[in-house]
Amino acid sequence: MALCCGTGFNPILESNSARNLSTRLIGHIPLRFTGQSSYLVRRRRHKGICCSSLKKAASASAMESQEESALSVCLEEEELDHVIRFKMSDFKILDRVSIGLGGRADEVVFEAKVKDSGSPLYNTRVVLRQLSSAQAQRRGKRAIEVLKKLVRRKLLYHSYSMHVHGYISLPANGGSSSFILVHGYHGSFSLRHWLQQSDWLPTLEATLALDEESVRKVGEDTTGGPAVSRQLRLIRILMRDLLIGVNYLHSHGLAHTELRLENVHISPVDRHIKVGILGNAADFYENGSNNDSMDNMDRRQMMIAFDMRCVGFIMAKMVMRELMDPSIFAKFKLFLTKGYDPSCLRELMLEILGRSSPNGNAGLQILDRNWGAGWHLLSLLLANKPSQRISCLHALRHPFLCGPRWRVVPSMDIIRWGLGSTAMRISEEYIYRQPQRSRLAHFIDLMEMLNPHPKPKNWLELLPGKWRLLYCTGRHVGLTLRQPPARVLVGDVHLTVTRESKMKANLSFVSDISFSVMIGQDWPHDKAGKTGRLQVNSSFMLRAGRRLYLKQDQTTEKFFFGPFGSEEALAQKFTGKKWQKITPFKEFPSSLPAAKLTSSDVDVTMNLDDPLNRDIDMARNVLQELRTQIPPEMFDLSKVVCGTYVDSRMLVLRGVNGSALLFSRSFVDKNNSN
């Protein structure tokens, strides 16, 4: 039997212009889900009236379809057993609507208080969401339907879901029916509106009432501190709460499908994140069949991956608030849409945000902390392949979301990531004194020991692309203490690798060096000059090989493949208790697998702007200065003999003299990045 309510409609709800947005925070009263017997009695008392009203409505609107009438006038009885059917007379409509409750074009949102003294929600602030179109009403019906699955675990439901108390179903009026969803009020702001406030950090800290007990829940041991530390602590709290809420849905076979900042609210009452009213929640399994068929497993994996990608966008906007700007977020999303690996997002964001603040960007500092753990988590949330995206449970165990009090055992992937991130950060400091040089060489050695892709087929898949030179362990020569015949300032040095044929292991290497020639005596203060470009081309054959670690020759006292004592120090490092648990070998090896590179002829081309291109002597001096400053392996590619480490973002090549060249994958075109 179908139910409907024959009460009159409040004229305030008929006007879409009745919204009065308010940005001030409003006090809250705890909301509790209930289905008291008084309301069930009221529902049974109206069964006869509902039947007669339904018959009259059907005879009066015979031209309308039966499906639309059933959807817009009433809901089936079995779907309403767990919610309350209200009347308009049960509410007192307020004269304002909080800005964080803004709905869609087919929704009109009002705030109200329950004025029925017999109701368990008496004097509680609620939200009335009037759904006009058929699609909007389907969302409201779905929100009530989903409630059946979630209410089984009431504690988690109250903590992480926006409470759906009931509905008001009104008969057709002027050819259109109305369905009003009654749900809980959880604050004036959505998470987007919180982040858009100029004083969002102290205000949100005060709203969540952060104390020692609350920060201890995320592994922190202190409160306060610098703004970057406070922001990281707050992001850990919000992200962990969001992941617990999303995992709550996934564990009940549901995907949210609409995780956005606008749909996430923070309740000042219980200090939990609410993940919305779930009007578009989708079931993992079609037709309710909870079986392990391949189609259902693929559907489940795709839905979870979609939600995790949305969580990644939320995390990115929380950490880097500049992404709230649509133009900047468009560049961010375009990078992913083109299929670029999200593990290389740092270079993109460093180019976009690095110039915005002379003291550095707070979001970049947060993601760089703890060996770049934030970038690692973000890359897993936004991975291109759904199968590679991290789950909620694994994300909750990620080092970025765990404070210093929690002992987290990092995986081998995180260890490799940390080594590469630290080497990258050191190389960006451009302070190459002996301590920095020793640390960089040591980190590169560790990366080579833990190379995840030693086989040639892995190299053929990962090596093609554009790589930017970060550091070379060989000789470094600058302009400070010399008087060269031509003062050349070297810019970016790139190595572009392309695979000539999918059937063969032939590769084409192109070394691209941009530079500027500074003219005049004021070059220390004025770096503007004539630009130039040097290109070196060569073809390579890639085969399997091994890199030997040769010990000291007692007779000749010569060392090979590195500086004095490097192999001995590395062996001591890996035989220690800390590294012995994670290394794939018990003893320090005498050799490691590597990708052997055999080159053919080398072609060198240099271009200079006017008027330098007409001066042969100047061109000769510029070329000689370039050979002095850049690593010899980048000028003469035939000196590159093997590759010792490669993954989605880092590359290490070794030269014939044993020096290492550290590269990072590059997708950024600085000419088009603005």
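Residues numbered from 1 in each chain as written. Predicted model: local features only at pLDDT ≥ 70, side-chain atom pairs only at ≥ 80, totals over all residues. Heavy atoms only, no water.

> Can you break down the overall build of the protein residue by residue, with the values?
When its secondary structure is counted, the protein shows 21 helices and 22 strands. With 674 residues in all, the protein has 49% of them scored as buried. For the protein, long-range pairs separated by at least 24 residues make up 73% of all intrachain contacts whose partners lie at least 6 apart in sequence. Here the protein has roughly 32600 Å² of accessible surface; of this, 51% comes from carbon and sulfur atoms. (Helix = DSSP H or I, 4+ residues; strand = E, 2+ residues; numbered from the N terminus. Buried < 20%, exposed > 50% of the residue type's maximum accessible area, 1.4 Å probe, protein only. Contact = heavy atoms within 4.5 Å. Areas by Shrake-Rupley, 256 points an atom, 1.4 Å probe, with all protein chains shown as cover.)

> Got a sec to walk through the packing of helix α10 (residues 294–319) against helix α13 (residues 362–381)? Specific residues and values, please.
Pairs of packed helices are described in terms of their axes, by the angle between the two and the distance that separates them. Taken N-terminus to C-terminus, the directions of α10 and α13 make an angle of 165°; their axes are 10 Å apart at the nearest point. Relative to α13, α10 is oriented roughly antiparallel. For the element pair α10 and α13, the recorded crossing hand is left-handed. Across the interface between the two elements, Met308, Arg309, Val311, Gly312, Met315, Ala316 and Val319 of α10 pack against Gly363, Ile366, Leu367, Gly374, Leu377, Leu378 and Leu381 of α13. For the contact of α10 with α13, the residue count by class is ten nonpolar, three polar and one charged. (Axes fitted to C-alpha atoms, helices over the stretch in contact; angles between N-to-C directions. Parallel < 35°, antiparallel > 145°, perpendicular 65-115°, else oblique. Left-handed = near helix turned anticlockwise from the far one by under 90°. Nonpolar A, V, L, I, M, F, W, Y, C, P; charged D, E, K, R; others polar.)

> Give me the environment of leucine 592: which residues, what numbers.
Positionally, leucine 592 belongs in strand β19 (residues 591–608). For the pair leucine 592 and proline 454, spaced 138 residues apart in sequence, the C-alpha to C-alpha distance is 8.7 Å.

> Go over the packing of aromatic side chains with me, naming the residues and quoting the values.
Enumeration according to the criterion identifies twelve aromatic pairs in this entry. Judged by centre distance (4.3 Å) and plane angle (40°), the rings of phenylalanine 509 and phenylalanine 540 are tilted. You can see phenylalanine 509 sitting in strand β17 (residues 506–518) and its partner phenylalanine 540 sitting in strand β18 (residues 530–548), a full 31 residues away along the chain. For phenylalanine 540, a relative accessible area of 2% corresponds to the buried category. (Phe/Tyr/Trp six-rings, centres within 6.5 Å; stacked < 30°, edge-to-face > 60°.)

> Lay out the pairing of β17 in plain terms, naming residues and giving numbers.
The buried fraction of β17 amounts to twelve of the 13 residues, a majority that puts the element mostly inside the structure. Where strand β16 (residues 487–499) meets β17, eleven bridges bridge the pair, whose relative direction is antiparallel. Residue pairing for β17: histidine 494 is matched across the bridge by aspartate 512. Where β17 lies against β18, twelve bridges are found, and the strand directions are antiparallel. (Pairing = 2+ DSSP bridges.)

> So what's going on with helix α7 (residues 200–208)? Residues and values would help.
Given 3.6 residues per turn, any residue in an α-helix points the same way as the ones three and four places further on. Along α7, the residues classified as buried are Trp200, Leu201, Leu204, Glu205, Thr207 and Leu208. Angularly, the buried residues of α7 cover 160° about the axis, an arc narrow enough to put them on a single face. Among the residues trailing α7, alanine 209 stands out with phi positive, at a value near 50°. (Arc of directions from axis to C-beta.)

> Can you lay out unusual backbone geometry for me, pointing to particular residues and giving the numbers?
At asparagine 123, a residue that is not glycine, the phi angle is positive and equals roughly 65°. Along the polypeptide, asparagine 123 turns up in the loop between β7 (107–114) and β8 (125–131).

> Before we move on, could you go through helix α12 (residues 345–353) and cite the residues and values that matter?
Where burial is concerned, most of α12 is hidden: eight out of the nine residues are buried. Buried residues of α12: Leu345, Arg346, Glu347, Leu348, Met349, Glu351, Ile352 and Leu353, and no others. Tucked into the core, α12 has its buried residues touching α11 (326–337), α13, α15 (412–429), β15 (465–472) and β22 (660–665).

> Describe the environment of arginine 321, listing the residues and the values that go with them.
On the secondary structure map, arginine 321 appears in the loop between α10 and α11. In this structure, the C-alpha to C-alpha distance between arginine 321 and arginine 192, residues 129 residues apart in sequence, is 9.9 Å. At a separation of 2.6 Å, a polar atom in the side chain of arginine 321 contacts the main-chain carbonyl oxygen of leucine 195. Polar side-chain contacts of arginine 321 include one of 3.5 Å to the backbone oxygen of glutamine 197. (Polar contact = N/O pair within 3.5 Å; in protein donor to acceptor, adjacent residues only side chain to side chain.)

> Break down the pattern of salt bridges for me, with residues and values.
For the coordinates displayed, the defined rule picks out 20 salt bridges. When the shortest N-O distance is used, the salt bridge between arginine 346 and glutamate 428 registers 2.7 Å. One end of the pair, arginine 346, is in helix α12; the other, glutamate 428, is in helix α15, with 82 residues separating them in the sequence. Overall, the relative accessible area of 11% leaves arginine 346 in the buried class. The partly exposed category is assigned to glutamate 428, whose relative accessible area is 24%. Close ionic contact of arginine 468 with glutamate 347 constitutes a salt bridge, the shortest N to O distance being 3.4 Å. Here the residue arginine 468 occupies a position in strand β15, and glutamate 347 occupies one in helix α12, the gap between them amounting to 121 residues. (Salt bridge = Lys/Arg side-chain N within 4 Å of Asp/Glu carboxyl O.)

> Any details on the confidence of the model for the protein? Residues and values, ideally.
Per-residue confidence for the protein gives a mean pLDDT of 79; residues scoring 70 or more make up 77%. Across residues 552–565 the pLDDT falls below 50, and counting only partners more than four positions away or on other chains, this stretch makes 15 contacts in the model. (pLDDT = per-residue confidence, 0-100.)

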